[in-house]
Amino acid sequence: MASVTYDQVTKRFGDVVAVNNLNLGIQDKEFLVLVGPSGCGKSTALRCLAGLEEISEGQILIGDRVVNDVPPKDRDIAMVFQSYALYPHMSVYDNMAFGLKLRRTPKAEINQRVQEAAKILGIEMLLDRKPKQLSGGQRQRVALGRAIVREPAVFLFDEPLSNLDAKLRVQTRAEITKLHQRLGTTFIYVTHDQVEAMTMADRIAVIRDGILQQSDTPQNLYDYPANVFVAGFIGSPSMNFFDATITGTADEMYIDTGTFRIKVSDSIKARLTDGLGRRVIFGIRPEDIFHPGYVSAGINAVKVESTVDVTELMGNEIFLYLMAGDHSYIARVDPRGHAHTGDKIEMVFNADNIQLFDADAENQPSMLKLG
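Cut-offs used in this document
- Residues numbered from 1 in each chain as written.
- Predicted model: local features only at pLDDT ≥ 70, side-chain atom pairs only at ≥ 80, totals over all residues.
- Heavy atoms only, no water.
- Helix = DSSP H or I, 4+ residues; strand = E, 2+ residues; numbered from the N terminus.
- Buried < 20%, exposed > 50% of the residue type's maximum accessible area, 1.4 Å probe, protein only.
- Contact = heavy atoms within 4.5 Å.
- Areas by Shrake-Rupley, 256 points an atom, 1.4 Å probe, with all protein chains shown as cover.
- Pairing = 2+ DSSP bridges.
- Axes fitted to C-alpha atoms, helices over the stretch in contact; angles between N-to-C directions.
- Salt bridge = Lys/Arg side-chain N within 4 Å of Asp/Glu carboxyl O.
- pLDDT = per-residue confidence, 0-100.
- 1 Å grid on protein atoms, 1.4 Å probe; cavity = no way out; pocket = protein on both sides within 12 Å on 5 of 7 lines; lining within 4 Å.
- Points joined across faces, edges and corners; volume = space filled by probe spheres on them.
- Nonpolar A, V, L, I, M, F, W, Y, C, P; charged D, E, K, R; others polar.

Peer 1: What is the right way to read the overall build of the protein from this model?
Peer 2: For the protein, the helix and strand inventory stands at nine helices and 20 strands. Taken over the C-alpha atoms alone, the protein extends approximately 75 × 45 × 35 Å along its principal axes. Here the protein holds 371 residues, and 49% of them are scored as buried. A separation threshold of at least 6 residues defines the contact pool for the protein, and within that pool the share at least 24 residues apart is 66%. If you sum the accessible surface of the protein, you get close to 17,500 Å²; carbon and sulfur atoms cover 46% of it.

Structural data, given as structure tokens:
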């Protein structure tokens, strides 16, 4: 088993900086997810660790060993790709055993490892089949099995569920989580899907334009995002944002959007010293906005006059797309809260669950960020 360290790692492709001064430590046996939009540099960071890309600056360590100049085959890692990359002419057994055969592993040990991996993944009955005889989910299990038999110190996953349908993605991500618990090995997983990240990770590292934005547990990222990008990326539907100004007096402050005002609670006001007149970005999650007929008890309720633009019934909840003046936003409400396009409705905001960001520094950790 091994920890992994990115020490001031930069990767350039000509004039393009794909990974920019990445400093990140992954603990032994941790499940870390690198997440971000397409083209943000997360896969490049993974490929640098695997040795498939040569880094431009910095060091990468696996355990205490600097691996900058170590060939991929000697880094004690195994990688699972988005494409299954199975040999079509080989059986499942031979696909899983191929890497071990190249290493001249004894046949008895190969058989033992393949059988054990197949049992873990529930594919013992598929060992004699060819890849073309398998479903997408089964092929992904074979790709996982090929990595497991190597018994590496670090497992790398590059968007391994992207080719699966929605139901299989949910099922397979649960299997990967159980696999991590069973193997007790370091997992580093790349995805653009924040739902995968939130449900699987011990810790998430959010990357944008090659720069690490924040690294923390899923719950802390959700509750205490470092900046507007992280706040908007984590959570589904994403956080609502309103341009606003801090108005009022030192004793009675308001977050004023121009259309509606929210009185600042005493707990938040204490952290807004010298905040009067400051331009801010006010954020609130859809689940902290309620239909007036179904408001959770004990919240700091603020009513906001709104017009229903679109409704989406999800079964266990309703997404309401609303307008408050020129401001559009989304609410995630109780399915009993009936609303129709064009309805005027006083939505209820929970003023205790808000985030405030400095409007002039929205892509950096903000002194006004509140949890």
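Next, the rest of the story.
Peer 1: Explain the sheet that holds strand β20 (residues 355-358) to me, please; I cannot follow it from the model alone.
Peer 2: Consider a sheet: its strands pair through backbone hydrogen bonds, and that pairing is either parallel or antiparallel. Spatial ordering of the open sheet is given by β13-β12-β11-β14-β20, a layout of five strands whose pairing is antiparallel. Looking at strand neighbours, the two that pair on one side only are β13 (261-263) and β20, the edges of this open sheet. Taken pair by pair, the neighbouring strands of this sheet meet at an average axis angle of 35 degrees, ignoring direction. Sheet analysis places strand β14 (residues 279-284) next to β20, joined by four bridges and oriented antiparallel. Pairing of Ile-281 across the sheet is with Phe-357, part of β20.

Peer 1: How should the pattern of salt bridges be read in this particular structure?
Peer 2: Side chains carrying opposite charge are able to pair once their charged atoms draw close together. Taken as a whole, this structure holds twelve salt bridges when the rule is applied. The salt bridge involving Arg-47 is made with Glu-53; its shortest N-O contact spans 3.4 Å. Across the pair Arg-113 and Glu-109 runs a salt bridge, and its minimum N-O distance is 2.5 Å. With Arg-113 and Glu-109 both in helix α3 (residues 107-121), this residue pair falls four residues apart, about one helical turn. Judged by relative accessible area, Arg-113 falls into the buried class, the value being 15%. Among the charged side chains, a network of salt bridges with common partners joins Glu-109, Arg-113 and Glu-151.

Peer 1: For this particular structure, what's the right way to read the confidence of the model for the protein?
Peer 2: Low-pLDDT portions of the prediction should not be read for the details of their coordinates. On average, the protein scores 89 in pLDDT, and the residues at 70 or more come to 96%. Within the protein, helix α9 (residues 266-269) has the poorest average pLDDT of any element, 76, and strand β1 (residues 4-13) the best, 97.

Peer 1: I tried to follow the layout of surface pockets on my own but got confused; where do I start?
Peer 2: Any empty space left between the atoms is revealed when a probe the size of a water molecule rolls over them. In this structure, the largest pocket spans a volume of roughly 520 Å³. Looking at the largest pocket, it is lined by 21 residues, and the ones nearest its centre are Met-79, Phe-81, Gly-99, Arg-146 and Arg-150. Secondary structure elements with two or more residues in the lining of the largest pocket: β6 (77-80), α2 (92-102) and α4 (136-148). Element by element, the count of residues in the lining of the largest pocket is highest for α2, at five residues. Per-class residue counts for the lining of the largest pocket are 16 nonpolar, one polar and four charged. Taken as a whole, the second largest pocket encloses approximately 180 Å³ of empty space. Contributions of two or more residues to the lining of the second largest pocket are made by α7 (218-223) and β14. Here the lining of the second largest pocket is built from residues that sort into five nonpolar, four polar and four charged.

Peer 1: Would you mind going over empty space enclosed by the protein with me for this structure?
Peer 2: What the rule picks out here adds up to one cavity of 30 Å³ or more. As a volume, the largest cavity reaches approximately 30 Å³. Contributing to the lining of the largest cavity are Ala-18, Val-19, Leu-22, Cys-40, Gly-41, Ile-207, Gly-210, Ile-211 and Leu-212. For the lining of the largest cavity, the secondary-structure elements that each account for two or more residues are β2 (16-26) and β10 (211-216). Top element by residues in the lining of the largest cavity is β2. It accounts for three residues.

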